[in-house]
Every structure is written in structure tokens, then in C-alpha cells.
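# Residue-level structure breakdown
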Amino acid sequence: MPPAWIQRLSERPVTRYAPSPTGRLHLGHVVNAVWVYGIAQATSGRVVLRMEDHDRGRCRPDYERGILEDLAWLGLRADGDSEKSLAAGGPSSYRQSDNETRYREAVERLEAAGARLYWCDCSRRAVLQALGEDAPGAGEDLRYPGTCRDKGLAPGPGRGLRLVLPEDDVAFEDLRLGGLMQTPARQCGDLLLRDATGNWTYQFCVVVDDLEHGINLVVRGEDLLGSTGRQLLLRRLLGSSNVLQFLHHPLILDETGAKLSKRDGATGIAELRAAGITPDEVLGRAAYCSRLLSSPGFISAGTLGNLFG
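Structure report, in brief.

Definitions and cut-offs
- Residues numbered from 1 in each chain as written.
- Predicted model: local features only at pLDDT ≥ 70, side-chain atom pairs only at ≥ 80, totals over all residues.
- Heavy atoms only, no water.
- Helix = DSSP H or I, 4+ residues; strand = E, 2+ residues; numbered from the N terminus.
- Expected span 1.5 Å × (residues − 1).
- Buried < 20%, exposed > 50% of the residue type's maximum accessible area, 1.4 Å probe, protein only.
- Arc of directions from axis to C-beta.
- Contact = heavy atoms within 4.5 Å.
- Pairing = 2+ DSSP bridges.
- Right-handed = clockwise from strand over helix to strand, strands pointing away.
- Core = buried A, V, L, I, M, F, W, Y, C linked by side-chain atoms within 4.5 Å.
- Axes fitted to C-alpha atoms, helices over the stretch in contact; angles between N-to-C directions.

### So, helix α4 (residues 100-112)
Helix length check: α4 (13 residues) gives 19 Å between terminal C-alpha atoms against 18 Å at 1.5 Å per residue, within 8%. By the burial criterion, the buried members of α4 are R102, Y103, A106, V107 and L110. Projected down its long axis, α4 shows its buried positions confined to an angular sector of 140 degrees, all on one face. The outward face of α4, more than 90 degrees from its buried face, is lined by the exposed residues T101 and A112. The elements touched by buried residues of α4 are β3 (117-120), β4 (160-163), β7 (191-194), α7 (202-212) and α8 (228-237).

### As for the pairing of strand β1 (residues 14-17)
Of the two faces of β1, the one lined by V14 and R16 and the one lined by T15 and Y17 are each fully buried. By the bridge criterion, 4 bridges tie β1 to strand β2 (residues 46-49) in an arrangement that is parallel. Opposite V14, over in β2, you have R46 as the bridge partner. As for the winding sense of the linkage, the β-α-β connection from β1 through helix α1 (residues 27-42) to β2 is right-handed.

### Remarks on the nonpolar core
Y17, V34, W35, Y37, L76 and F204 are the most contacted members of the largest nonpolar core, which totals 75 residues. Sorting elements by how many residues they give to this core places α1 first, with 10 residues. Beyond its immediate sequence surroundings of up to four residues, V34 is in contact with I39, L283, A286, A287, L292, L304, L307 and F308. L131, Y144, C148 and V164 belong to the second largest nonpolar core, which has 8 residues in total.

### Comments concerning helix α10 (residues 279-289)
V282, L283, G284, A286 and A287 are the residues of α10 that are buried. Of the surrounding elements, those touching the buried residues of α10 are α1, α2 (61-74) and α9 (269-274). A positive phi of about 65 degrees marks R291, the residue just after α10.

### Some details on the sheet that holds β3
As summarised here, the arrangement of the 3 strands in space is β3-β4-β7, forming an open sheet in which the pairing is antiparallel. In this open sheet, the two strands that pair with only one neighbour each are β3 and β7. Strand-to-strand, the axes of this sheet are offset by a mean angle of 40 degrees, without reference to chain direction.

Take a look at the structure:
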């Protein structure tokens, strides 16, 4: 029987799988893929594949090729043109580094709508010093206090672009966790859209891309739950009234309680492949680690939807 939250989906899902090519896939990425592709199968939805390479300093084309290779080995195929576009190797609407114009136009839309933007030359250290005793603890957001808001700085090297967020409460329902409320201006302060090195930020790119690609369901790990309110608020400031639903799933944690990282070679898909582990075993291991299976087992990419009803 499908879980109750599936009945609360407002329309046929268009979701996305969006790795960052800063390394090869590991088991934590596969957990997210099991949820994304499984929910899409269970609801006759679609999966858009996107490469979130906004961080030009850490992302590499060979990592992107490796991710595409790992996904193909696992049997996880995206719908529509996204996978074909990325595999072709040329510029793609589904690769962030190829879409500078899209982000510039989004900034222009914000300005035309009356949003307040300004340039900022504060380093992270300067922000922490400005916050003093209000500096965040472990796991908390760094809240920018508006130091440069009234300086009138011009764009230039070493300066980032910030957006003043209204001090609105943002209520939303997570399909798995229930009703939640966040106040982004208190969490993060003025939102950074472009950083001091010239990279568009994750928070900005993901909102603009989801609008561009028609995403109506975001399935991602609980570590990104705190970003939800600011992203919904940014969508509103960009003029969108379309419904966007969220499901934040559990993470795989290591023995210290930390989220698995790309540096954990024991869970790298390339290493698991080299050890002779099959795709069905990797997917089954990810489903078990994410509490979708009650015991370790095997599951094929084409039957992930059975995990959700």
C-alpha cells in the first residue's frame, strides 16, 4: 500500500536528480537516487538529471563523466532530454556552468520586481567577527548581519552579490515530516547570490534551475531542510506562484554520526564496482541504509517504485 504522503502530491511529479561533480558518486548519493527515482516510478512521474557545477573551483568534467557512468551502471535513467544533453558533452541547459545568461536574467527579474540587491566585500571571518557572541554554533546557519547593505559598493573582484530578504515567515509542508515554518531573514540574513570568486551560489542556482526545468517536487536529504524557506521565498520574489512540494529523506551517517562524504572511499560506487558488487546489491544496500528495506537485499533500478507502494 502506498504511504499516505503519496496521496498528498498535488500533481504528477516532475522531480530531479542533481549531483555536484566534485567527485564520484558514493552510497549517500545512491540513497538520494533511490528516493528520487523510486518516487517517480511509483507515481508515474519524471526525473530530470542536472549537473550542479556552480562551484567552478571544485567541479571537474571527468567527475561529471564518472557520475554519468556510475548512473548508467546502476541502471538509473532520467527522462526527457536532460541525460542525452549532458552525455553529448557540449553546452547543456542542464549544466549550471553553461547557463550564465539564465542567472543574470534572474537577477534582472529581481531588480525589476523591486528587490534590493547590493555588493558585499565581507569575508566569512569578517562576518563571524561582526556577529561576535551571536556567531553560530556547530550545524547552525551563518547569518549575515547586513554590514555592507548601505555601503553602496560597486561590483568588482572579491565582492559578492546579496539580496535583502523580507522578514516573512515561510510555512510549508514536508510530505514526510509534516508542517514546518522558517524565517529565512533570521536564519541566514541577506542571501548571497554570487560569491566573491564569481560563482553563483547553490541557493540561487537551484531555485532558478527548478523554475526553468518545471520541477514541482524536490526530493533531497534532511541536511538541506533548513534551505527550504529561503528557496521558497526566493521563488516568490522571482514571480513564481507555482506549487513546489518537498520531501526530505533520512541520511546515511558514519560511525561518528556525520553525513557520509565523497572522501569516504569505502562507499564509493567505483570502488564497490571494482570489488565485484552488483548494481542490484548497491541499490539494495542504499535502500536498507535508508530504512526502505527491513533487511539487506537486492533491488533493480526498474523496481525501485515498489519501495513506495
